[in-house]
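# Results of the structural survey
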Amino acid sequence: MNNYKVYEQFFAKVVEDGNYRRRGKVFQTRNRFYYYDTGTGKVFECEKAVYEVLKKLQDTNEFGRLKELELSEEEIESALKQVMEIVNDENILQAPLLETFSGEQVTDLKKSLENKLGQITFEVTQKCNLRCDYCIYQEENPKFRDFSQHGDMSFEIAKKVIDYSLDKMKDEFYITFYGGEPLLNFELIKQCIEYVKSLNLNNTIMYSMTTNLTLMTKEIADYLAGVPNFTVVCSIDGNKELHDEHRKGPDGSGSFERAMEGLKNLRNAYGDRDENIIVNMVITPPYTRERFDKIQGFIEECPYINERNTIMFSYADNGKRHDIDELKRREKIENNIQFMERYNPVQCWSIEQFQDTEEPNRIFTWGSMLKGLLKIHKRGLSDTPMKKYYFNGCCIPGGRRLYITVDGEYHICERIGEAPNIGNVMNGIDIPRIQEKYIDEYIEQSRKYCQNCWAAHLCGICYASCYDENGLDMDTKKIRCISEKFGIENQLIQYHEILERNPKLLVPLNEMELD
């Protein structure tokens, strides 16, 4: 190799620490090869030989092992020349080392908490009239909450939170009702709505609620439909067979028929405003194509669901406590395909469906997939390497949203489960506690792992996925990190697959905002 030493010296100077792995990621669609550069956020299409060279550097962090490739000396040198030209022209392979995280919560936490508040979520009750066996209100779930020991939120607590929010509300402000089953405390929901109405605010107030629908009478549906900007998230897991498999009453009976009656009442009440009705599905094992086909068939055939309704889905949450054996299993997974088949089978099914249709928006997973693609579509882009690394997918605790439990404790959000609170209605936001548990502890423990990650600028990991009652659980976060990297790689692949095949499908992303 006549110029091999020249290239070796060049790349040794560019990649001073010898760590190619953290600086970018190769990926391929069915027909093309690409490289995502961590520092600039740019994605480059490349020849197969360039892909193989970058992949070898990424996999081994050893320039000398390029000779192991099944490429001729000329092909390797040609590929290295192309990469060198891109380095010089586009500043790739130069992502700075992550020393700490950036963001308002790091530079000035107190000031960041003075920003406008966007959402409050009330845990209106911890009671539920169902006993869904995958719920956090079941003792088998590691995030178990015992709904029987508490009760309902009082209007006194809810009013204090609303009053606290008055001078902090964004122009568009969200009030969400959560449970348990919120309709078991419908009286409080009405009191909150009527109180806010009496204040004659200039803000646009957006309401939402998640419900199992079994208590959705015509009267309640009519009331909700009469409230401007009230969205109802409806928990339905598919047809009667799939839904009743897990969503049961205390006596073990299925809830499908009652849920369908509730959905019908909502649909009739909302009329042509039924885009405010969202369907949320929990996908449970066995993860088979037959099962996913049944869910798709239900969505297409249900008379109370149409193309205006957003469909969301998630896997059953079995809790987030770490499992060392599970961490070891995930660390052994070699590629994106293996991971997706084992841990995200719905996505594998979805990709097959998308390949066979020109109307992917009719597939029940399309809405969730669009949210994943949005991260790629609106990623940070820079001509030169970005110097700041923001706080993964973490929010400013207590800054943008606030979750209030039935007894008035403040938490980051409703998804976090048992985790250190960030204050209460009596004493307000506990800034020192946020600083200790959610800023300093997170940075100190996460930094050394994020330093070596190519996905640092795209990471969506948030507090909800890795905190327990003691604070940050790094073993759980490591498991989540593996999932996140494979997930981002898959999003890069699917985004560019669509870009190659039917780019107009990505147009809706222009109007969407990152959460």
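For the structure itself, look to the data block above.
Residues numbered from 1 in each chain as written. Predicted model: local features only at pLDDT ≥ 70, side-chain atom pairs only at ≥ 80, totals over all residues. Heavy atoms only, no water.

### Remarks on the overall build of the chain
For clarity, the threshold we go by: Secondary structure elements follow DSSP: runs of H or I of four or more residues count as helices, runs of E of two or more count as strands, with numbering from the N terminus. Throughout, the radius of gyration refers to the C-alpha atoms, and the reference size of a globule is 2.2 Å times the residue count to the power 0.38. Only protein chains enter the accessibility calculation, which uses a 1.4 Å probe. A residue is then buried if its area is under 20% of the maximum for its type, exposed if over 50%, and partly exposed in between. Contacts: residue pairs with any heavy atoms within 4.5 Å of one another. Exposure was quantified through the Shrake-Rupley algorithm and a 1.4 Å probe, taking into account, for residues, occlusion by the shown protein chains and nothing else.
When helices and strands are counted, the chain shows 17 helices and 15 strands. In terms of C-alpha radius of gyration, the chain reaches 25 Å, essentially the compact-globule figure of 24 Å for 515 residues. With the principal axes as the frame, the chain shows a C-alpha extent of 80 × 50 × 45 Å. The buried share of the chain, reckoned over its 515 residues, is 55%. Of the contacts made within the chain by residues no fewer than 6 positions apart, 74% connect residues no fewer than 24 positions apart. Looking at the chain as shown, the accessible area adds up to about 24,100 Å², and 45% of this sits on carbon and sulfur atoms.

### Focus: the sheet that holds strand β9 (residues 311-315)
As a reminder, the rule being used: Pairing between two strands requires that DSSP report at least two bridges joining them. Working convention: axes come from line fits to C-alpha atoms, limited for helices to the stretch in contact. Angles between N-to-C directions cover 0 to 180 degrees.
Pairing in this open sheet of eight strands is mixed, and the strands run β9-β8-β7-β6-β5-β4-β10-β11 from one edge to the other. One side of each edge strand has no neighbouring strand; the edge strands of this open sheet are β9 and β11 (410-411). Of the strand pairs in this sheet, strand β8 (residues 277-283) and β9 are connected by five bridges, and their pairing is parallel. Considered in β9, the bridge of Val 279 is made with Ile 311. The strands touched by helix α6 (residues 155-165) within the sheet are β4 (117-123), β5 (169-178), β10 (401-404) and β11, with β4 carrying the most contacts at an inclination of about 175°. Helix α10 (residues 256-270) contacts β7 (230-235) and β8 of the sheet and is inclined by roughly 160° relative to β7.

### Section: the packing of helix α12 (residues 324-331) against helix α17 (residues 474-501)
Stated precisely, the cut-off is as follows: Put simply, angles under 35 degrees are roughly parallel, angles over 145 are roughly antiparallel, angles from 65 to 115 are roughly perpendicular, and the rest are oblique. Crossing handedness: left-handed means the near helix sits turned counterclockwise from the far one by under a right angle, and right-handed means the same turn made clockwise. Three categories are distinguished: nonpolar for Ala, Val, Leu, Ile, Met, Phe, Trp, Tyr, Cys and Pro, charged for Asp, Glu, Lys and Arg, and polar for the others, with Gly belonging to the last.
Where α12 meets α17, the closest approach of the two axes is 10 Å, and the angle between their N-to-C directions is 25°. By the angle class used here, α12 and α17 are roughly parallel. Viewed along their axes, α12 and α17 form a crossing whose handedness is left-handed. Judged by residue contacts, Ile 324, Glu 326, Leu 327, Arg 330 and Glu 331 of α12 engage Asp 475, Lys 478, Ile 479, Ile 482 and Ser 483 from α17. Of the residues contributing to the contact of α12 with α17, the split by class is four nonpolar, one polar and five charged.

### A short note on the environment of Ser 350
For clarity, the cut-off: In the analysis that follows, any N or O atom pair within 3.5 Å is treated as a polar contact, provided that within protein one partner can donate a hydrogen and the other can accept it, and provided that, for residues neighboring in sequence, both atoms belong to side chains.
With respect to the helices and strands, Ser 350 occurs in helix α14 (residues 345-355). Side-chain polar atoms of Ser 350 contact the backbone oxygen of Val 346, separated by 2.7 Å.

### Section: the packing of aromatic side chains
Worth spelling out the cut-off: Stacked, tilted and edge-to-face are the three classes assigned to paired rings of Phe, Tyr and Trp, where Trp is represented by its six-membered ring and a pair needs centres within 6.5 Å; plane angles under 30 degrees give stacked, over 60 edge-to-face, the rest tilted. Placement of a charge over a ring requires the Lys NZ or Arg CZ to be within 6 Å of the ring centre, with the centre-to-atom vector within 35 degrees of the ring normal.
Inspection of every chain in the model, using the stated rule, returns 30 aromatic pairs. An angle of 70° between the planes, with centres 6.0 Å apart, marks the rings of Tyr 36 and Trp 454 as edge-to-face. On the criterion of sequence distance, the pair formed by Tyr 36 in strand β2 (residues 33-37) and Trp 454 in the loop between α16 (431-450) and β14 (467-468) is long-range, its members being 418 residues apart. By the burial criterion, Tyr 36 is buried, and Trp 454 matches it. Centroid distance Phe 391 to Tyr 463: 6.5 Å. Interplanar angle 55°. Geometry classified as tilted. Within this pair, whereas Phe 391 is found in the loop between α15 (366-377) and β10, its partner Tyr 463 is found in the loop between α16 and β14, the two being separated by 72 residues in sequence. Here Phe 391 and Tyr 463 have matching classes, each one buried. By way of ring pairs, the aromatic residues Phe 101, Phe 391, Tyr 438, Tyr 442, Tyr 463 and Tyr 467 are connected into one cluster. Sitting over the face of the ring of Tyr 4, Lys 67 holds its NZ or CZ atom 4.8 Å from the ring centroid. Against the face of Tyr 343 rests Arg 330, its NZ or CZ located 4.0 Å from the ring centre.

### Quick look at the environment of Gly 39
With respect to the element layout, Gly 39 can be found in the loop between β2 and β3 (43-46). Given a relative accessible area of 0%, Gly 39 falls into the buried group. Between the C-alpha atoms of Gly 39 and Gly 380, which are 341 residues apart in sequence, the distance is 9.5 Å. Residue contacts for Gly 39: discarding those within four places in its chain leaves Arg 23, Ala 95, Thr 384, Pro 385 and Met 386.

### Side note on helix α13 (residues 336-343)
Stated formally: Of all possible arcs, the one meant is that of the directions from the helix axis to the C-beta atoms.
Within α13, the full set of buried residues consists of Asn 336, Phe 339, Met 340 and Tyr 343. Each buried residue of α13 lies within a common arc of 95° when the element is viewed along its axis, so the set occupies one face. Turned more than 90 degrees away from the buried face of α13, the exposed residues are Ile 337 and Glu 341.

### Here's the deal with the pairing of β7
What counts is decided by this rule: By convention, orient the strands away from the viewer: a clockwise path from the first strand over the helix to the second makes the crossover right-handed.
Buried residues dominate β7, accounting for five of its six residues. As paired elements, strand β6 (residues 204-211) and β7 share five bridges and run parallel to each other. When the bridges of β7 are listed, Thr 210 appears paired with Val 233. Note that the unit made of β6, helix α8 (residues 218-225) and β7 has a crossover that is right-handed.

### Overview of the nonpolar core
Applicable threshold: We define a nonpolar core as any set of buried Ala, Val, Leu, Ile, Met, Phe, Trp, Tyr and Cys residues linked to one another through side-chain atoms lying within 4.5 Å.
Counting 118 residues, the largest nonpolar core has Phe 122 and Phe 177 as its most contacted members. Setting aside its immediate chain neighbours within four residues, Phe 177 contacts Phe 122, Val 124, Pro 182, Ile 189, Cys 192, Ile 193, Tyr 207, Ser 208, Met 209, Thr 210 and Phe 230. In terms of nonpolar packing, the next biggest core, distinct from the first, is built from 28 residues, Tyr 4, Leu 66, Leu 69 and Met 84 among them.

### Section: the pattern of salt bridges
Stated precisely, the cut-off is as follows: Any Lys or Arg side-chain nitrogen located within 4 Å of an Asp or Glu carboxyl oxygen qualifies as a salt bridge.
What the rule picks out here adds up to 32 salt bridges. Put simply, Arg 23 and Asp 17 hold a salt bridge, and the shortest N to O gap is 2.8 Å. The class for Asp 17 is partly exposed, based on a relative accessible area of 42%. For Glu 489, the salt bridge identified is with Lys 25, shortest N-O distance 4.0 Å. Linking Glu 489 in helix α17 with Lys 25 in strand β1 (residues 24-28), this pair joins segments that are 464 residues apart in sequence. According to the relative accessible area criterion, Glu 489 is buried, its value standing at 12%. Using a relative accessible area of 15% as the deciding quantity, one classes Lys 25 as buried. Put simply, Asp 17, Arg 22 and Arg 23 are held in one network by salt bridges that share partners.

### Some points on unusual backbone geometry
Cis geometry marks the peptide bond from Gly 179 to Gly 180, where omega comes out at 15°. Tracing the sequence through the fold places Gly 180 in the loop between β5 and α7 (186-198). Cis geometry is found at the peptide bond from Pro 285 to Pro 286, where omega equals 0°. The phi dihedral of Asn 200 is positive, around 55°, even though this residue is not glycine. Note that Asn 200 resides in the loop between α7 and β6. Its identity as a non-glycine residue notwithstanding, Asn 229 has a phi of 60°, on the positive side. Inspection of the secondary structure puts Asn 229 in the loop between α8 and β7. By relative accessible area, Asn 229 is classed as partly exposed at 32%.

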